[in-house]
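What follows is each chain in one-letter form.
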Amino acid sequence: MTAALAEKRTDTPVSDAPGPPAPVRRTKRERAFDDVPRWQIYLPLGLYLLFTLIPFYWMLLFAVRPAGSTSLVPWPMTFDHFDKVWNERSFATFFQNSMIVGVATLVATTAVALAGGYALARFNFRIKGGFMLALLCSQFIPGALMLVPLFEIFKNLQLINSLVSVIIAETVFQLPLSIILISGFIKNVPVSLEEAAWVDGCGRFRAFCAVVLPLLRPGLIAVGSFAFVHSWNHFLFALMFLSEQDKQTIPVGLNTLIGADSVDLGALAAGGVIAAVPVVIVFAFIQKWLVTGFSAGAVKG
Amino acid sequence: MAQAAAVATPKKPPRRRSATPRRLPYLLIAPAGLLMLGFIAYPVISVFYYSLQNYNVTKPWRNGFAGLDNFKRIFTEDDQFWTTLAFSGQWVITQIALQLALGLGLALIVNQTFIGRGISRAMVFSPWAVSGVLTSTIWILLYNSSTGFSRYLADAGIGSYGTSVLSDTGTVFWAATVAELWRGVPFFAILILADLQSVSKELYEAASVDGAGRLRQFFHITLPHLKDAIILATLLRGVWEFNNVDLLYTLTGGGPAGETTTLPLYVANTGIEGHDFGYASALTTVAFVILLFCSIVYLRLSKFGGEK
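Residues numbered from 1 in each chain as written. Chains lettered and ligands numbered in written order. Predicted model: local features only at pLDDT ≥ 70, side-chain atom pairs only at ≥ 80, totals over all residues. Heavy atoms only, no water.

**Some points on the overall build of chain A**
A count of helices and strands for chain A gives 14 helices and 0 strands. When the elements of chain A are put in sequence order from the N terminus, they spell out α-α-α-α-α-α-α-α-α-α-α-α-α-α. Buried positions account for 52% of the 301 residues belonging to chain A. Excluding contacts between residues fewer than 6 apart, the proportion of contacts in chain A whose partners are at least 24 apart in sequence is 71%. On chain A, roughly 13800 Å² of surface is accessible, and the fraction owed to carbon and sulfur atoms is 64%. (Helix = DSSP H or I, 4+ residues; strand = E, 2+ residues; numbered from the N terminus. Buried < 20%, exposed > 50% of the residue type's maximum accessible area, 1.4 Å probe, protein only. Contact = heavy atoms within 4.5 Å. Areas by Shrake-Rupley, 256 points an atom, 1.4 Å probe, with all protein chains shown as cover.)

Right under this line is the structure:
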């Protein structure tokens, strides 16, 4: 991943200029520009890494440590907590429900946002400004505060206790940012590429699929992953719209463990690990696109 | 939201032949527009409507039009409203200030070239993917009074046994703040890093030739370049930190003694546990207006006052 990012870097001379090697002697000024003293990088970074990683370690430790042990090294290891959470606390069901919600939200958000983003990037139409404003305004509306009317809507649609309600709610709240992101990515694809395809006899749709879509892959992966991670993580909609236990999702399951009268820390930690695994995998997969995803879409608008 | 209403009823332009691109953009935004109309615009209007109603499922005999009674109650009778509003302000400002400072520092560091940068970035950004509930889970394990971090500190002779920072009114704010920072800073850092990568290298070289040190380069090149990104990131995060209830709901439940109840959490409790939907809707309306007002003021101030 470093190679991909190194090409994008513009602020240090290191990755540029593959030509002649730099002059051996540089002035003091130039060195001051080039080289941040190593300790100024590694010391704060190291401290921050401790802050980031110790909590993860702590959760793993509690998850595999036998009950009653206070050792800081998880040895001997036990998987009893996982067994208990997965089978007795029905995390197997929660996991499956969360997967359904996550994947469905990913597909729905990406498809709808792709259409909307293309319209914003490539056309001028009368309500474009209004549509953009609506997208931005919707960012100010707290999902938590709309629970009551949303609940009534889903009740009228008879979608309470159906995963569909959560999928719709997650998709809708994921849409505005996704549309803005995707339209940013599409704007970065030169129109001339599409026009060339039209000249060659392609229709707009075929030209889009053949020319634009492949170039959008990083953007689509970024947007799809955000949608997945968000819906995997989000808690309130599932808590409110799904009252039957066999319809619940992982975050709600975790909250049940937190709220238990005597908190079983081992089970809680194991549940946390189960909740973390999919998002960690997605994160590892997308993190090299993460930064470019934001610079193309969100920040620059 | 009025604009969203226009989305669903596009005016048909006079048509000439098949598949003219004039209709295409409306077709393309139709799915998004309809979804947002049905599940954002309509609920928002419902909230405004309910805010003028007595609507309490436990007291159906006195439901009906209430006029501005709910709002009168908020501003004249409800002390809890002011407490939770003050806490929301304290929470958002603390989070944003610390996330900005730490996120900016982190972005500047991982923007350098050094051995192990890729893996370090991956590790320091990783809490971004973690949810509020999972963050709570992790920090509950860390803060636990009998087996958490404090026990090991006490064993090593620092501090004492049996203090849970989450149930002590003196420490709960900072305990929750640290937990939220843990996952908030990476997101801030990612946004800033994204913009940092578009700073032109030539500017630094020119400044360097002119004899500007790293500190001056930072204040005269880096910060002005990042200004827009910082304003946007701060605004988005501020709104998000105000609105989000996942973490505090699961970590502290708003306690101890209501000490960590934000306004949205208070609204959720009023509406969902108290079943007083009319009053909760009025609170929502007030929260929405406050948020919009603060955002507009913030944007105005940063645009006109923030010239470097």
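**Topic: the confidence of the model for chain A**
All names here are of chain A. Model confidence for chain A is summarised by a mean pLDDT of 81, while 84% of its residues fall at 70 or above. pLDDT under 50 marks residues 1-20. Its contacts with residues more than four places away, or in other chains, come to 37 contacts. Contacts of residues 29-33 to residues separated by more than four positions or lying in other chains number 12 contacts, the stretch itself having pLDDT below 50. (pLDDT = per-residue confidence, 0-100.)

**Re the packing of aromatic side chains**
Inspection of every chain in the model, using the stated rule, returns 34 aromatic pairs over all chains. Plain terms: the ring middles of A:Phe79 and A:Phe82 are 6.0 Å apart, the flat faces sit at 40° to each other, and that makes the pair tilted. Judged by its relative accessible area of 52%, A:Phe79 falls in the exposed class. A residue is classified by how much of its surface remains accessible, and A:Phe82, at 18% relative accessible area, is buried. On the basis of an interplanar angle of 75° and a centroid distance of 5.0 Å, the ring pair of B:Phe81 and B:Trp82 is categorised as edge-to-face. Clustering of aromatic rings is evident, with ring pairs tying together A:Tyr48, A:Phe51, A:Phe56, B:Trp139, B:Tyr143 and B:Trp182. Just above the ring of A:Phe62 sits the side chain of A:Arg65; from NZ or CZ to the centre is 4.6 Å. Over the aromatic face of B:Tyr279 sits the side chain of B:Arg73, whose NZ or CZ is 3.5 Å from the ring centroid. (Phe/Tyr/Trp six-rings, centres within 6.5 Å; stacked < 30°, edge-to-face > 60°. Lys NZ or Arg CZ within 6 Å of the ring centre and 35° of its normal.)

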